[in-house]
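Analysis of the macromolecular model
Chain by chain, the residues run as shown.
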Amino acid sequence: MDTLPQIQFHQGVNTVSARELHAALEVQTDFTDWCKRMFEYGFTKDQDYSLLKIGERKAHNKIDYLLTIDTAKEIAMLQRTTVGKQVRNHFIEAEKGYKQLAWSITNAQQKALTNQKEGYELLQELERLKQENADVFKRMAAIKRRLKSLQNETFRQLGLFDSHSSQVVGQ
């Protein structure tokens, strides 16, 4: 086995080129005949594999198939060779890596979402406190005005208030 097939992300799915898999598995059968034989195992077009035109060869189109990872693993197993087992293990290890990456991203996104939610809740609390304090400051100002009014009334009752200057006598 010279090279392992490359996993490609195509239309939201991890795929493998059937031509690359054919080469990696060191299959002696012609590619087209091999694909027909493999697809007879019950693989479904546009679910397990899709047709890909990759160029023209004389009067015919040169084609490839994009296989899902599960399909590629199953085809590798069907070969019943050491190379087939190595290729299948390659796909299994790649899937583990993708799952770990997806979990890491999901975990990081979850943490970011939690932080964003907590930040939003803190902003809401700040706004609530601001509103509560606005009412407190209004009440404090009203209390100060009432205290001043009571003080002036007290001074007036005691005759210590000059009504012309609106000031306490002696100050």
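Data block above holds the structure.
Just so you know, these numbers come straight off a predicted model, no measurement behind them.

1. Concerning a nonpolar patch on the surface
Side chains of Leu123, Leu126 and Leu129 sit close together on the surface and give an oily, nonpolar patch of about 290 Å² of accessible area. By secondary structure assignment, the location of leucine 123 is in helix α4 (residues 82-157). The class of leucine 123 is exposed, set by a relative accessible area of 57%.

2. Observations regarding the pattern of salt bridges
Applying the stated rule across the entire model yields five salt bridges. Taking the shortest distance from any N to any O, the salt bridge between arginine 128 and glutamate 125 comes out at 3.6 Å. On the criterion of helical spacing, the pair formed by arginine 128 and glutamate 125 is a turn pair, its members being three residues apart in helix α4. Overall, the relative accessible area of 40% leaves arginine 128 in the partly exposed class. Among the residues examined, glutamate 125 registers a relative accessible area of 38% and is labelled partly exposed.

3. A short note on the side chain of serine 17
The residue serine 17 is located in strand β2 (residues 13-17) in this model. Separated by 3.2 Å, the side chain of serine 17 and the backbone nitrogen of arginine 19 make a polar contact. A polar contact is formed between the side chain of serine 17 and the backbone nitrogen of glutamate 20, at a distance of 3.2 Å. Here serine 17 is in contact with Gln8, Asp64, Tyr65 and Leu66, once residues within four sequence places are set aside.

4. Quick look at unusual backbone geometry
With phi around 55 degrees, glutamate 26 is a residue other than glycine that occupies positive phi space. Mapped onto the secondary structure, glutamate 26 falls in the loop between α1 (18-24) and α2 (31-39).

5. Some details on the nonpolar core
Core analysis: the biggest nonpolar cluster contains 24 residues, and Leu21, Trp34 and Leu67 have the highest contact counts within it. Secondary structure elements with two or more residues in this core: α1, α2, β4 (60-68), α3 (69-78) and α4. Per-element accounting of this core gives the leading share, five residues, to α2. In contact with leucine 67, other than residues within four places in its own chain, are Asn14, Thr15, Val16, Ala18, Leu21, Phe39, Asp48, Tyr49, Ala72 and Ile75.

6. Description of the packing of aromatic side chains
What describes a pair of aromatic rings is the distance from one ring centre to the other and the angle between the planes of the rings. One pass over the structure, following the stated rule, counts five aromatic pairs. For the ring pair phenylalanine 31 and tryptophan 34, a centre distance of 6.5 Å and an interplane angle of 35 degrees mean the geometry is tilted. A residue pair is termed a helical-turn pair when its members lie 3 or 4 positions apart in one helix, as phenylalanine 31 and tryptophan 34 do in helix α2 at three residues. Judged by its relative accessible area of 1%, tryptophan 34 falls in the buried class. In this structure an aromatic cluster arises from ring pairing among Phe31, Trp34, Phe39, Tyr49 and Tyr65.

7. A word on the environment of isoleucine 92
Among the secondary structure elements, isoleucine 92 is positioned in helix α4. Along the sequence, isoleucine 92 and lysine 73 sit 19 residues apart, while their C-alpha atoms lie 7.9 Å from each other.

Definitions and limits used
Residues numbered from 1 in each chain as written. Predicted model: local features only at pLDDT ≥ 70, side-chain atom pairs only at ≥ 80, totals over all residues. Heavy atoms only, no water. Patch = residues over 30% accessible without salt bridge, like charges linked within 9 Å, V, L, I, M, F, W, Y side chains within 5 Å. Areas by Shrake-Rupley, 256 points an atom, 1.4 Å probe, with all protein chains shown as cover. Salt bridge = Lys/Arg side-chain N within 4 Å of Asp/Glu carboxyl O. Helix = DSSP H or I, 4+ residues; strand = E, 2+ residues; numbered from the N terminus. Buried < 20%, exposed > 50% of the residue type's maximum accessible area, 1.4 Å probe, protein only. Polar contact = N/O pair within 3.5 Å; in protein donor to acceptor, adjacent residues only side chain to side chain. Contact = heavy atoms within 4.5 Å. Core = buried A, V, L, I, M, F, W, Y, C linked by side-chain atoms within 4.5 Å. Phe/Tyr/Trp six-rings, centres within 6.5 Å; stacked < 30°, edge-to-face > 60°.

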